[in-house]
Amino acid sequence: MTAFLLRRFASLAVTLLVATGVVFVVLEVLPGDPAALMLGVDARPDTLEALRRQMGLDQPAPLRYAAWLAGLVQGDLGTSHTYAVPVADLVGARLAVTVPLALLALALAVALAIPAGVHAASRRGRAADTGLMALTQVGIAVPNFWFAMLLVYVFAVTLRLLPSGGFPGWDAGLLPALKALVLPAVALALPQAAILTRVMRSALIDTLHEDYIRTARAKGLSAGAALWRHALRNALIPVLTILGLQFSFLVTGTIIIENVFYLPGLGRLVFQAITQRDLVVVRSVVVLLVALVICITFLVDVAYAIADPRLRRQSS
């Protein structure tokens, strides 16, 4: 297991290094002067030159990349030109909204998908299975921002049960903060629950045809007991990968939902930084999101290996 973890960790480090290089090069090859892009066409030459020195644009690209990489290692993401505060402070404040939102959405998706997938697999080919698969197809096809607007119209405008947008902050209390996150979390969770339901159903159907399931049934175990005691645990192994990928998507894909509900999260920060041409924030946040996705993938690989020891033996 130690050798497996060391190899995965080395792969993680190399992937992170390559990702930082890609992000840096992409922003470097963009046409125009980044400082002029941030200040606009009417910027004074002395102001433009001062910003170029502040951003290190007067130095060669390899030196700027090395300095930026050293800052990332030390936790220094730079200073926002728009807000005049460290980017790390901005990211920390926004993660306090985005991460709970993603976790709540993931919990809702799992709570909906696992029972639905088991129910559909246990009734394969029947009306319940066909109906659930049709609903999941709709959930996959319909954009989550349309779900968001529908939820706002029903629960905020018509029923007046939940707020339509904004975030009061965690200082206002746990209940008001959670109420502000419920509708965005549901809008994010429904498409992911549809995907996870189909994966759960397919994995469980494949597992139910294994020899050990037939042996358990031959020994007198009922179909339901064989499903819940033996098949479900093994069917959850491929679901772990999907859960990790879904959490990465929920964290990195909240730009639209956070703007629909006016949530001060990481996705809205990226959107604001792009519109305000704050390239320092854009570069740092993009790298942070890429690193988050890579780290989550690493954790999923580790969890997958713990759940299935055969992977560790094959890796060895």
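Here the structure is a predicted model, which means the values were calculated and not measured.

**Considering the domain arrangement of the protein chain**
Domain annotation of the protein chain identifies domain 1 (1–86) and domain 2 (88–312). Spacing between the C-alpha centres of domain 1 and domain 2 amounts to 31 Å. Each side of the interface is counted separately: domain 1 has 31 residues, and domain 2 has 27 residues. Roughly 2,600 Å² of surface becomes buried between domain 1 and domain 2 when both sides are summed, with 75% attributable to carbon and sulfur atoms. Remark: the boundary between domain 1 and domain 2 carries zero salt bridges. The interface formed by domain 1 and domain 2 includes five residue pairs in polar contact (both at pLDDT 80 or more). Of all elements in the fold, only helix 1 (2–28), helix 2 (34–39) and helix 4 (61–73) reach the threshold of two or more residues within the side of domain 1 that touches domain 2. With 12 residues, the single largest contributor to the side of domain 1 that touches domain 2 is helix 1.

**A word on the side chain of Q246**
Position of Q246 among the secondary structure elements: in helix 10 (residues 223–252). What Q246 contacts, discounting residues up to four positions off in sequence, is L106, Q192, I195 and L196.

**Side note on helix 12 (residues 266–275)**
Burial analysis of helix 12 places seven of its 10 residues in the buried class, which makes it a mostly covered element. Of all the residues in helix 12, the buried ones are L266, G267, R268, L269, V270, Q272 and A273. Looking one or two places after helix 12, you find R277, whose phi comes out positive at around 60°.

**As for unusual backbone geometry**
Residues other than glycine seldom take positive phi values, yet R160 does so here, at roughly 55°. If you trace the backbone, R160 turns up in the loop between helix 7 (144–158) and helix 8 (174–208). Its identity as a non-glycine residue notwithstanding, Y262 has a phi of 55°, on the positive side. The residue Y262 is located in the loop between helix 11 (255–260) and helix 12 in this model.

**Brief notes about the UniProt feature "domain: ABC transmembrane type-1" (unreviewed entry) in the protein chain**
According to UniProt, the positions carrying the feature "domain: ABC transmembrane type-1" (unreviewed entry) are residues 95–298. End C-alpha to end C-alpha, residues 95–298 measures 20 Å, and it is 82% helix and 0% strand.

**Let's talk about the side chain of N144**
Here N144 is to be found in helix 7. Residue N144 is classed as buried on the basis of its relative accessible area of 14%. Other than its neighbours up to four places away in sequence, N144 contacts A187, L188, P191 and I257.

**Let's talk about the environment of R233**
With respect to the helices and strands, the residue R233 is situated in helix 10. Classification of R233 as exposed rests on a relative accessible area of 68%. Note: C-alpha distance between R233 and T207 (26 residues apart in sequence) is 9.5 Å.

**Things to note about the pattern of salt bridges**
Taken as a whole, this structure holds two salt bridges when the rule is applied. A salt bridge links R44 to D46; its shortest N-O distance comes to 2.9 Å. Given the relative accessible area of 43%, D46 is considered partly exposed. We note a salt bridge from D129 to R201, for which the minimum N-O separation is 2.8 Å. One end of the pair, D129, is in helix 6 (residues 127–141); the other, R201, is in helix 8, and 72 residues separate them in sequence. A relative accessible area of 3% places D129 in the buried class. Under the relative-accessibility criterion, R201 is labelled buried at 17%.

**Observations regarding a nonpolar patch on the surface**
Together, F145, W146, M149, L150 and I256 make up a nonpolar patch on the protein surface, roughly 470 Å² of accessible area in all. Of the residues forming the nonpolar patch, the biggest block, four residues, is contributed by helix 7. Structurally, F145 can be placed in helix 7.

**Some remarks on helix 4**
Between its first and last C-alpha atoms helix 4 spans 18 Å; for 13 residues at 1.5 Å apiece the expected length is 18 Å, and the two agree. Buried residues of helix 4: R64, Y65, W68, G71 and L72, and no others. Summarising the axial view, the buried residues of helix 4 lie within an arc of 125°, below the 170-degree limit, and thus occupy one face. Turned more than 90 degrees away from the buried face of helix 4 sit P62, L63 and V73, all of them exposed. Trailing helix 4 by a residue or two, G75 shows a phi angle of about 85°, which is positive.

Quick notes on the rules
- Residues numbered from 1 in each chain as written.
- Predicted model: local features only at pLDDT ≥ 70, side-chain atom pairs only at ≥ 80, totals over all residues.
- Heavy atoms only, no water.
- Domains from an automatic or database assignment.
- Contact = heavy atoms within 4.5 Å.
- Buried area = accessible area lost by both parts, 1.4 Å probe.
- Salt bridge = Lys/Arg side-chain N within 4 Å of Asp/Glu carboxyl O.
- Polar contact = N/O pair within 3.5 Å; in protein donor to acceptor, adjacent residues only side chain to side chain.
- Helix = DSSP H or I, 4+ residues; strand = E, 2+ residues; numbered from the N terminus.
- Buried < 20%, exposed > 50% of the residue type's maximum accessible area, 1.4 Å probe, protein only.
- UniProt positions renumbered as here; feature names shortened; annotations may be inferred.
- Patch = residues over 30% accessible without salt bridge, like charges linked within 9 Å, V, L, I, M, F, W, Y side chains within 5 Å.
- Areas by Shrake-Rupley, 256 points an atom, 1.4 Å probe, with all protein chains shown as cover.
- Expected span 1.5 Å × (residues − 1).
- Arc of directions from axis to C-beta.

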